[in-house]
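# Close look at the chain arrangement
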Amino acid sequence: MDDTSIHMEFFSGDRQTEAEYRDEVTRAGEVAEEVAAAEERQFAAPPDRLDMFVKPDPAIVDIPHTAASPGDGAHGAVEAVDTKGPRALDVESFTTVGEGEHRVSFTRSQLNVMVTADEPILPAAQRAGVRIGMNCQQGMCGSCKSLKLEGDVDMKHQGGIRAREIDAGKFLPCCSTARSDLIVDA
Ligand code: FES
């Protein structure tokens, strides 16, 4: 008996099967509630996005970060310097590929992908070898949903992302173009 048949029997109203899997069904309900509660907590108090990538060096205590000056865009905002030089996320050290006026920095791939202002970000990223899930490529399914750490995009989605996800910094690269240099968690 596979998972599908279990669900089919349960929902068909078979009391014996329902009783047999009562514990599992109860636990599944609890897990679903825990996941929903965790999601609510995350949206209620999103972590400082940059903290995820600025790994503290235990040998360095309270090192002041360089303040980003207006107009620095994505570059200045993520650089932290001390007497030992730049640390943390240094997009300048990433390999840069492609051509265009905006730089999209992918932190996990350590790639900077140059894109034009009217070029959807997802295909450019995939050409460069950045691994981002995708399906519909029309802003509907949400498969390509990614976290934007810095910068602005022009996104024309069709229901594949919720308003609160956008507020939390997420976007759909399949239906987004860059309005500025970007830093993306991918
Ligand atoms: S691939 Fe479906 S929303 Fe981007």
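This report concerns the structure included in the present document. (Residues numbered from 1 in each chain as written. Predicted model: local features only at pLDDT ≥ 70, side-chain atom pairs only at ≥ 80, totals over all residues.)

This part is about the sheet that holds strand 10 (residues 182–185). Strand order in the open sheet formed by six strands is 3-5-4-10-6-8, with mixed pairing between adjacent strands. Edge positions in the open sheet fall to strand 3 (95–98) and strand 8 (170–171), since each of these has one partner strand only. Where strand 4 (residues 102–106) meets strand 5 (residues 111–115), five bridges bridge the pair, whose relative direction is antiparallel. Bridge assignment links Phe106 to a residue of strand 5, and that residue is Leu111. Docked against the sheet, helix 5 (residues 121–128) engages strand 3, strand 4 and strand 5, running at close to 135° with respect to strand 5. (Pairing = 2+ DSSP bridges. Helix = DSSP H or I, 4+ residues; strand = E, 2+ residues; numbered from the N terminus. Contact = placed C-beta atoms within 7 Å. Axes fitted to C-alpha atoms, helices over the stretch in contact; angles between N-to-C directions.)

Turning to the environment of Glu119, a few remarks are in order. Relative to the assigned elements, Glu119 resides in the loop between strand 5 and helix 5. Sequence-wise, Glu119 and Thr177 are 58 residues apart; in three dimensions their C-alpha atoms are separated by 5.7 Å. Apart from the residues lying within four places of it in its own chain, the contact partners of Glu119 are Gly100, Ala124 and Thr177.

The backbone phi angle of Gln110 is positive, close to 55°, even though this residue is not glycine. Mapping Gln110 onto the fold places it in the loop between strand 4 and strand 5. What makes Gln110 partly exposed here is the crowd of 14 C-beta atoms within 10 Å. We note that Gln137 has phi near 60°; this positive angle belongs to a residue other than glycine. Tracing the backbone through its elements, the reader meets Gln137 in the loop between helix 5 and strand 6 (146–150). (Buried ≥ 20, exposed ≤ 12 C-beta atoms within 10 Å, placed from the backbone.)

This is a description of form; function is not addressed.
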